[in-house]
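If you want the building blocks of each chain, they are given just below.
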Amino acid sequence: MTSTSPVWHPFTQHAVQPEATLIAKGEGAWLETADGRRIYDAISSWWVVTHGHRHPRIVQAIKDQADRLDQVIFAGFTHEPAEQLARRLVAITPPGLDYVFFSDSGSTAVEVGLKMALGFWRNRGESRSRILALQGAYHGDTIGGMSVGERGVFNAPYDPLLFEVDRLPYPAEGRAQATLDALERSCRAGGVAALIVEPLVLGAGGMLIYPPSVLAEMKRICASHGVLLIADEVMTGWGRTGTLFACEQAGVVPDIACYSKGLTGGSVPLAVTLCSAEIFDAHYSTDRTKTFFHSSSYTANPIACAAAVANLEIWDEEPVRERIARLGAWHATRLDRFRDDSRFANIRQIGTIAALDVVAGDAGYMANIGPYLYESFRARGLLVRPLGNTIYLMPPYCSTEADLDLVYDAIGEIVDGIG
Ligand SMILES: *Cc1c(COP(=O)(O)O)cnc(C)c1O
């Protein structure tokens, strides 16, 4: 791709990164450039690809559905892929999530969740509109998603448009009580509609991992004040943390849950927001002003729903959980080599996600370490996209031990190069 391309890329500063790599093909855990170079997709193409690129079953489902019904208005109409998908999602998600609202991205799933929470309280005649969120959170790049996410350089220009939220300190190791105390205080102050959290892992915030017991406590405190819990499982869902959904590890049933990314195995865009019957019922009325007023043009696109149904069949019929457990074990043995290495800190892992912070080099070097690391991996045919000085891996589940060795060997070599 040349710098004369009219394409404006996401999260890309074109002045310092003028060239985008032209990808022609994907297969399994690997991408292939137009000129035939292979690249190992160590971050699942931004956390979406779970089983691997072009899983045959998903490809077939997309083809078959495209031959039958491509798109249909979803207000007043429905179709089998959406009906089947919704039934199956209700069956496999935490019990008590009984209704499914479709949208097209993680950000919109979060917007839908926030609107459900606000609509719930309004329709019940209670004035609760404050939202609580964690420090360091990421919930997407729409205005609502940015509002509940961490504020900083990424959203500073839009700050005047963002709504205020009560920010709870991140439950860092040994400091979880401060988070829970802040939650309790905010809930007691009243007017709180919901707490939104990324369960167990703050993804874009730096792959920060906190224990299931803290999530369970957050749920308990919310419930004792009638505050809704919104679980943003957009990244953590579909096996990333070792279980199908992260909330399972805490035995937590959220009131609202958002899923996207791996929902279609990472093939086509789709998102869902699930909610309890209580929330659906609060919108159920012959009074039309209590309707849930939300839609996107492609709500529950049949091709995307068919891809998601195929994803669920893969989970049912293939040893996905075994692949995830194996990947987790491979990470664990490979991370070990960095534990006594003073150039790395905060070595951490949950399920298929591994992360470590680079502390080598002087301050000047560290300021630009992210782009340096990214380029160094790229030169070795590895797609790794560090978050600042945090190197993380989030590979597709079909990755082999040899694939992982490529990346782990490269981590050592690249950081050797910093000196
Ligand atoms: C990626 C992500 C989103 C946003 O999803 P998009 O599909 O990029 O809009 C929201 N929440 C979390 C936790 C995410 O990781």
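Residues numbered from 1 in each chain as written. Predicted model: local features only at pLDDT ≥ 70, side-chain atom pairs only at ≥ 80, totals over all residues. Heavy atoms only, no water.

**Digging into the sheet that holds strand E4 (residues 99-103)**
As a reminder of what qualifies: A pair of strands is labelled paired if DSSP reports no fewer than 2 bridges between them. What counts as a helix is a DSSP run of H or I of at least four residues, what counts as a strand is a run of E of at least two, and both are numbered from the N terminus. Throughout, an axis means a line fitted to C-alpha atoms (over the contacting stretch in the case of helices), and angles, computed between N-to-C directions, take values from 0 to 180 degrees. Contacts were defined at the residue level, with two residues in contact if any of their heavy atoms lie within 4.5 Å.
What the 7 strands build is an open sheet, ordered E4-E12-E11-E10-E7-E5-E6; its pairing is mixed. Strands with a single pairing partner mark the edges of an open sheet, and in this sheet they are E4 and strand E6 (166-168). Between one strand axis and the next, the sheet turns by 20° as a mean value, whatever way the strands run. The strands that helix H6 (residues 176-189) touches are strand E5 (130-134), E6 and strand E7 (192-197); relative to E6, the one it contacts most, it runs at about 155°.

**A closer look at the environment of alanine 257**
Formally: Working definition: with a 1.4 Å probe on protein chains only, accessible area under 20% of the residue-type maximum means buried, over 50% means exposed, and in between means partly exposed.
Positionally, alanine 257 belongs in strand E11 (residues 256-259). By relative accessible area, which is 1% here, alanine 257 ends up buried. With residues up to four places along the chain from it excluded, the contact list for alanine 257 reads Leu97, Ala231, Val272, Thr273 and Leu274.

**Topic: the nonpolar core**
To be explicit about the condition: We call a set of buried Ala, Val, Leu, Ile, Met, Phe, Trp, Tyr and Cys residues a nonpolar core when their side-chain atoms join them within 4.5 Å. Domain boundaries shown here were taken from an automatic or database domain assignment.
Counting residues in hydrophobic clusters, the biggest one holds 59 residues, and the most contacted among them are Leu85, Phe102, Trp238, Val358, Phe377 and Ile411. The dominant element in this core, judged by the number of residues it contributes, is helix H10 (residues 302-317), at 9 residues. Inspection of this core shows a minimum of three residues originating in each of domain 1 (56-317) and domain 2 (319-417). If sequence neighbours within four positions are ignored, phenylalanine 377 has contacts with Leu382, Val384, Ile391, Val407, Ala410, Ile411 and Ile414. The next biggest cluster of nonpolar side chains, apart from the first, holds 43 residues, and it includes Leu168, Val201, Ile221 and Ala246.

**Describing the site of the ligand**
Put simply, the rule is: Near is defined per residue: the residue qualifies when any heavy atom it owns lies within 4 Å of the molecule or strand. The term polar contact refers here to a pair of N or O atoms within 3.5 Å; inside protein, the definition further demands a hydrogen-donor-capable atom paired with an acceptor-capable atom, and it admits residues adjacent in sequence only when both atoms are side-chain atoms. Under the convention used here, a 1.4 Å probe and the Shrake-Rupley method define accessible areas, while residue burial counts only the protein chains that appear. Any residue outside Ala, Val, Leu, Ile, Met, Phe, Trp, Tyr, Cys, Pro, Asp, Glu, Lys and Arg is labelled polar, Gly included; the first ten of those are nonpolar and the last four are charged.
Every residue near the ligand is listed here: Trp47, Ser105, Gly106, Ser107, Tyr138, His139, Gly140, Glu198, Asp232, Val234, Met235 and Lys261. The contact in question runs from an oxygen atom of the ligand to an N or O atom on the backbone of glycine 106, over 2.8 Å. Take lysine 261: an N or O atom from its side chain is 2.7 Å from an oxygen atom of the ligand. Bound to the protein, the ligand loses 83% of the 380 Å² it would expose on its own. Considered class by class, the residues forming the shell around the ligand number 4 nonpolar, 5 polar and 3 charged.

**Let's talk about the packing of aromatic side chains**
The criterion, for reference: Each Phe, Tyr or Trp ring, with Trp reduced to its six-membered ring, pairs with another whose centre is within 6.5 Å; inter-plane angles below 30 degrees give stacked pairs, above 60 give edge-to-face pairs, and intermediate values give tilted ones. Ring-over charges, as used throughout, are those where CZ of Arg or NZ of Lys falls within 6 Å of the ring centre and within 35 degrees of the ring normal.
Tallying each qualifying case throughout the model produces 15 aromatic pairs. With 6.0 Å between their ring centres and 40° between their planes, phenylalanine 280 and tyrosine 284 make a pair best called tilted. Centroid distance phenylalanine 338 to tyrosine 408: 6.4 Å. Interplanar angle 25°. Geometry classified as stacked. One end of the pair, phenylalanine 338, is in the loop between helix H11 (320-335) and strand E13 (344-350); the other, tyrosine 408, is in helix H14 (residues 401-418), with 70 residues separating them in the sequence. Classification of phenylalanine 338 as buried rests on a relative accessible area of 3%. Among the aromatic residues, those joined into a ring-pair cluster are Phe11, Trp46 and Phe154. Looking at arginine 38, its charged tip hangs above the ring of tryptophan 30, at a distance of 4.3 Å from the centre. We note arginine 128 situated over the ring of tryptophan 121; from NZ or CZ to the ring centre the distance is 4.2 Å.

**Description of the UniProt feature "binding site: substrate" (unreviewed entry) in the chain**
Where we set the bar: UniProt positions are given in the numbering used here, feature names are shortened, and annotations may be inferred rather than shown by experiment.
UniProt marks Trp46, Tyr138, Lys261, Ser295 and Arg385 with the feature "binding site: substrate" (unreviewed entry), using the numbering shown here. In three dimensions, the annotated residues from a span of 340 residues occupy distinct locations, with a maximal C-alpha spread of 33.1 Å. Its place among the elements puts tryptophan 46 in helix H1 (residues 44-47). Among residues more than four places away in sequence, those in contact with tryptophan 46 are Pro10, Phe11, Lys261, Arg385 and Tyr392.

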